[in-house]
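Spelled out, the chains give:
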Amino acid sequence: MKKRGFADLFFLLLVVYLVLPVVATMLYAFATNWNKTILPEGLTLTWLAALFQDAEFIQAFGRSVLLSSGAVMIALLVIVPAIFVIVLYFPKYEKWIQMAVVMVYSFPGIILAVGLIRVYSKFGVPMILVVLGAYVIGILPYIYQGTRNSLQNVNARQLIDAAQLLGASKLQAFTKILLPTVYPGLFAGALLSFSVLFGEFVLINLVVGSRFETVQIYLMKKLSTSGHIASAVVFIYIVLMGLLTYAIATLTKRSKGATNL
Amino acid sequence: MSYIVIEGLHKKYGSTTVLSNINMKIEKGEFITLLGPSGCGKSTILRILAGLTDASAGKINIEGKDMNRVQPKDRQVGMVFQSYALFPNMTVKENVAFGLRMQKVNTAEVDQRVQEILEIVHLSEKAHAYPKELSGGQQQRVALARALIVRPKVLLLDEPLSALDAQIRKKLQADLRAIQQKLGITMILVTHDQEEAMAVSDRIFVMNNGMIAQSGTPTAIYTSPESEFIANFIGHYNVFTRQALEKMIGEALPKEYSKFAIRPEAIHLDQRQGDVCMTGEAKQSLMSGNVIRTTFEGECLFTMEQLHQRGHSFELGKQYVCYIAKEDVIALS
């Protein structure tokens, strides 16, 4: 009984530790004034309204969406077919992808940023394209894992064999059978990648900076001018991530159901 | 010329030989079984026949046409996989219709043929269900219908029943044989289950270590095993060395053979049913369904099988004299 009490207490402390800053930040986005009281003196939509009336924020939001979704689209178009071919037909080469995945995790953002600037600045390549390329590689682990798990769950090689023996070409087997079957897993990987890139700050700030202001850079700027506006940005960010997480969870569940053969 | 001819088929993975000099002739409408232990190469033969795996050497001919350079989609070979390989994004009806859609058959004919084949496999009421909503047995029948609807020249069955429980497996074995005979289609089944092979096949090719160890009708394979491997794999044969059996029965046996086999059900207690006799002490009696299997220890161990209904009750530890007809002592090469 005593043990149970301690466990509950620790759990409560953990929840408070994790949730309190988030709740406080979100409350601050709606607070009229919150300086001398425990709870906000009043609630208002002023900060959110101000944020949505700020063209700079709308543009920053658009840039973040464009950059993140662009990187995810490129990854889906380039990396996914490569993973399909390697996992299904050349599994011995999978170790090279796994090595690339580990390298993505092992490079700290600051070193990656310095490296990219030093290598690409002399070639005159727009640095935003360099960041885009780095993002495509950066989400390799999520795209690879999502695709590979989906393929293995459905015994993809056998599905392709079965389709071919029924008269389908490899391309037809891929588009009519494999893609619709693994799409929930792929889409979940894509959403996860999008959410990771949407929150990325280090690389974009160091390599491009305010020349391509994303939501994270906008947030950084607002931190020094208005805490309420900064909290409103965080609120929107958290809502967006919440929606993405919900979508990922739903898709993952559906993906597992589809493989229950 | 036979309907399917396989000549000198070899398959190597690196330095490992998986198939060695496989030669088979199969007639139209035959139900053939490739029987053997795991890893003996039987599934590889199916995959090569289907064009899913390339042979290292050898020829495959179906209906007079060389198949070596023909793509899987153009071979008109159907296949049913052990894991069913149903398309999870499609309903039963869509799965079954897939092959016809690839052939661009018109919708009215597709609907009619799907309905017909689903009736044959008793799944008409499940036409709109998804694979995950079906039992293993139902999924396997969908896989069978999907493969049959395109009217393949030959249907390959890669251990299609091994994931099912015994009762459903027996029912599907009978269904499979009935459908094969009704449609007159050539089928090649891969299995490691000798009872299954015996139950459904016209002929059996028993494989071992990438080679065909023996082929023939189920009766011929069972009653006349040519080697110790077949005798052990195909039934519960008693296998003796010549010297041991000579000692047990007190008679000389042909010198050119080193091993002999006796079927357990060919051993009797009734003197009228045998010319040679051997003595042993009853050590263990096990009931396996309708059969009682009793082990005796004489010069060496041997087993007798008798039907449960009229079987003799043995007293363990007691000596018994058992009789065998001379023609039931089978010389192994």
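Quick caveat, the model's predicted, so the values are computed rather than measured. (Residues numbered from 1 in each chain as written. Chains lettered and ligands numbered in written order. Predicted model: local features only at pLDDT ≥ 70, side-chain atom pairs only at ≥ 80, totals over all residues. Heavy atoms only, no water.)

A. Just the confidence of the model for chain B, in detail. Here chain B averages 91 in pLDDT, while 99% of its residues score no lower than 70. Across the whole predicted complex the pTM is 0.77, and at the interface the ipTM reaches 0.82. (pLDDT = per-residue confidence, 0-100.)

B. Just the side chain of Thr303 of chain B, in detail. Residue and element names in this part refer to chain B. Note on placement: Thr303 falls in strand β16 (residues 301–307). Residue class for Thr303 comes out buried when judged on its relative accessible area of 17%. With residues up to four places along the chain from it excluded, the contact list for Thr303 reads Asn238, Pro264, Ile267, Arg293, Thr294 and Thr295. (Helix = DSSP H or I, 4+ residues; strand = E, 2+ residues; numbered from the N terminus. Buried < 20%, exposed > 50% of the residue type's maximum accessible area, 1.4 Å probe, protein only. Contact = heavy atoms within 4.5 Å.)

C. Fine view of the sheet that holds strand β13 (residues 267–268) of chain B. All names here are of chain B. Read across the sheet, 5 strands follow the order β13-β17-β14-β15-β16 without closing on themselves; strand pairing throughout is antiparallel. Looking at strand neighbours, the two that pair on one side only are β13 and β16, the edges of this open sheet. Of the strand pairs in this sheet, β13 and strand β17 (residues 319–324) are connected by 2 bridges, and their pairing is antiparallel. Within β17, the residue paired with His268 across the bridge is Tyr323. Contacts between helix α9 (residues 242–249) and the sheet are confined to β14 (276–288) and β16, with β14 contributing the most and set at about 105° to the helix. (Pairing = 2+ DSSP bridges. Axes fitted to C-alpha atoms, helices over the stretch in contact; angles between N-to-C directions.)

D. A look at the domain arrangement of chain A. All names here are of chain A. What the domain assignment lists for chain A is domain 1 (1–44) and domain 2 (52–254). Taken over C-alpha atoms, the centre of domain 1 sits 32 Å from the centre of domain 2. Carbon and sulfur atoms make up 78% of the surface buried where domain 1 meets domain 2, a total of about 680 Å² over both sides. At the junction of domain 1 and domain 2, the tally comes to 0 salt bridges. The tally of links between domain 1 and domain 2 comes to 1 residue pair in polar contact (both at pLDDT 80 or more). The class makeup of the residues in the side of domain 1 that touches domain 2 is 6 nonpolar, 2 polar and no charged. (Domains from an automatic or database assignment. Buried area = accessible area lost by both parts, 1.4 Å probe. Salt bridge = Lys/Arg side-chain N within 4 Å of Asp/Glu carboxyl O. Polar contact = N/O pair within 3.5 Å; in protein donor to acceptor, adjacent residues only side chain to side chain. Nonpolar A, V, L, I, M, F, W, Y, C, P; charged D, E, K, R; others polar.)

E. Representation of helix α5 (residues 166–183) of chain B within the structure. Residue and element names in this part refer to chain B. Taking 1.5 Å per residue as the helical rise, α5 with its 18 residues ought to reach 26 Å, and the 26 Å between its terminal C-alpha atoms agrees with that figure. When we look at burial in α5, the residues that qualify are Leu172, Gln173, Asp175, Leu176, Arg177, Ile179 and Gln180. On its buried face, α5 sits against β3 (31–35), α3 (107–120), α4 (136–148), β7 (154–158), β8 (186–191) and α6 (194–200). In the segment just after α5, Gly184 is the residue with positive phi, at about 65°. (Expected span 1.5 Å × (residues − 1).)

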